[in-house]
Amino acid sequence: MSTLHTVNKSPFERSAFISALNHLGPGDALLMIEDGVVGARKASAFAGLLEKTAKNFSVYVLGPDLAARGMAEKDVIQGARLVDYGGFVDLVTEHDRTQAWL
Amino acid sequence: MADVKPPEIASNIKKKLMYVNRKAPYGTIYALESLEVVLISAAFEQDVSLAFLDDGVYQLMKGQNTSGIGMKNFSPTFKALGDYEIKKLYVEKESLDERGLKPDDLMEISYEDEDEGFAKKPSVRIVNRSELTQIMAQQDVLLNF
């Protein structure tokens, strides 16, 4: 029984990202989408926190949203994995529920 | 594709729905919209609970007075939820602490327990972050506002 948590807002603008991290349970995964992808940027203020999170939980970033913002896999923190829209759907089906942090 | 079954849709399936409220009441429409959806879902006889965390805890503050801002004070509606069989309002302790709030700052919300002679029981349950995480993990559906 696990949950996929999606975050679609920048951690620089909203607290949703931090709240999502604070409510990850065993087996849960985090998927950063839309403006949420900026929180996965290497060397950003949130990089250390997310790298620590990635040691205990699966962390994913939606590639098309990253690309749209001028970034690629090399720009995201170590431990985060890129997915495309198909991968997004797979993640939804692999978990028991999705929690969309706004 | 032969082994793909259509989803089972039955009216007697009771799902655990949790509404997760993270925003203060009047600056955006989220809080009011959440309450509207909660009341609608009550009509479908689901197992509904509400969670209040982050600025969402402000939705339950005592003594809300909106006369100066030209908006309807919808906080009394929370007190009616018990009549709709909604008896579980979880409030995250860490969110209260961070904001300098105490459980006493929140409205008293109760329901009548029909199994115990309609005794009034509190609907608000203060839980810590790890408890809330576990409660969330027991839900079928989580709806964030």
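Residues numbered from 1 in each chain as written. Chains lettered and ligands numbered in written order. Predicted model: local features only at pLDDT ≥ 70, side-chain atom pairs only at ≥ 80, totals over all residues.

Brief notes about the overall build of chain B
Consideration 1: Each helix and strand in chain B was counted, giving three helices and seven strands.
Consideration 2: The secondary structure elements of chain B, listed N-terminal to C-terminal, are β-α-β-β-α-β-β-β-α-β.
Consideration 3: Oriented by its inertia axes, the alpha-carbon framework of chain B measures out at about 60 × 40 × 35 Å.
Consideration 4: Per-residue burial over chain B gives 29% buried out of 145 residues.
Consideration 5: If you take every contact in chain B between residues at least 6 apart in sequence, the share linking residues at least 24 apart comes to 76%. (Helix = DSSP H or I, 4+ residues; strand = E, 2+ residues; numbered from the N terminus. Buried ≥ 20, exposed ≤ 12 C-beta atoms within 10 Å, placed from the backbone. Contact = placed C-beta atoms within 7 Å.)

So, the overall build of chain A
Consideration 1: In terms of helices and strands, chain A carries four helices and five strands.
Consideration 2: Going from the N terminus to the C terminus, chain A shows its helices and strands as β-α-β-α-β-α-β-α-β.
Consideration 3: For 102 residues, the compact-globule estimate of 2.2 N^0.38 gives 13 Å, and the C-alpha radius of gyration of chain A, at 12 Å, lies within 12% of that figure.
Consideration 4: For chain A, with 102 residues in total, the buried portion stands at 37%.
Consideration 5: Pairs at least 24 apart in sequence give 66% of the contacts found in chain A among residues at least 6 apart. (Rg over C-alpha atoms; globule rule 2.2 N^0.38 Å.)

With respect to the interface of chain A and chain B
Consideration 1: Residue-level contacts link 12 residues of chain A with 14 residues of chain B.
Consideration 2: Ranked by the residues each element gives to the side of chain A that touches chain B, the list is headed by strand β5 (residues 97–101) of chain A, at four residues.
Consideration 3: Looking at side-chain class alone, the side of chain A that touches chain B contains four nonpolar, seven polar and one charged residues. (Nonpolar A, V, L, I, M, F, W, Y, C, P; charged D, E, K, R; others polar.)

Examining the environment of glycine 63 of chain B
All names here are of chain B.
Consideration 1: Position of glycine 63 among the secondary structure elements: in the loop between β2 (47–52) and β3 (89–92).
Consideration 2: On the neighbour-count criterion, glycine 63 (8 C-beta atoms within 10 Å) is exposed.
Consideration 3: Each C-alpha atom of the pair glycine 63 and aspartate 105 lies 8.9 Å from the other, and the pair is 42 residues apart in sequence.

Observations concerning unusual backbone geometry
Consideration 1: Although it is not a glycine, glutamate 34 of chain A adopts a positive phi angle of roughly 50°.
Consideration 2: Relative to the helices and strands, glutamate 34 of chain A is located in the loop between β2 (29–32) and α2 (47–56).
Consideration 3: The backbone of glutamate 85 of chain B sits at a positive phi, close to 65°, despite the residue not being glycine.
Consideration 4: Mapped onto the elements of the fold, glutamate 85 of chain B is located in the loop between β2 and β3.

A short note on helix α1 (residues 30–42) of chain B
Residue and element names in this part refer to chain B.
Consideration 1: For α1, which comprises 13 residues, the first-to-last C-alpha distance of 18 Å matches the rise-based estimate of 18 Å (1.5 Å per residue) to within 8%.
Consideration 2: Among all positions of α1, only Ala31, Ser34, Leu35 and Val38 are buried. Buried residues along α1 cover an arc of 100° about the axis, so they all sit on one side. Within α1, the exposed residues directed more than 90 degrees away from the buried face are Glu33 and Ile40.
Consideration 3: Summarising the contacts, the buried residues of α1 are in contact with β1 (16–21) and β2. (Expected span 1.5 Å × (residues − 1). Arc of directions from axis to C-beta.)

A look at the environment of phenylalanine 52 of chain B
All names here are of chain B.
Consideration 1: Residue placement: phenylalanine 52 occurs in strand β2.
Consideration 2: The exposure class assigned to phenylalanine 52 is buried, which follows from the 26 C-beta atoms found within 10 Å.
Consideration 3: Once the C-alpha coordinates of phenylalanine 52 and tyrosine 90 are considered, the two residues, 38 residues apart in sequence, prove to be 6.1 Å apart.

Quick notes on the pairing of β3 of chain B
Residues and elements named next belong to chain B.
Consideration 1: Burial along β3 is two-sided: the residues Leu89 and Val91 and Tyr90 and Glu92 are all buried.
Consideration 2: Direction of pairing for β2 relative to β3: parallel, over a ladder of three bridges. Residue pairing for β3: leucine 50 is matched across the bridge by leucine 89.
Consideration 3: Across four bridges, β3 lies against strand β6 (residues 124–127) in parallel orientation. By the bridge assignment, leucine 89 is partnered in β6 with valine 124. (Pairing = 2+ DSSP bridges.)

Details of the nonpolar core
Residues and elements named next belong to chain B.
Consideration 1: By size, the foremost hydrophobic cluster in this structure holds 25 residues, and its most contacted members are Leu50, Ala51, Phe52, Tyr90 and Val91.
Consideration 2: For this core, the secondary-structure elements that each account for two or more residues are β1, α1, β2, β3 and α3 (129–136).
Consideration 3: In this structure, leucine 50 is in contact with Tyr19, Asn21, Val38, Leu89 and Tyr90, ignoring residues within four places of it in sequence. (Core = buried A, V, L, I, M, F, W, Y, C linked by C-beta atoms within 7 Å.)

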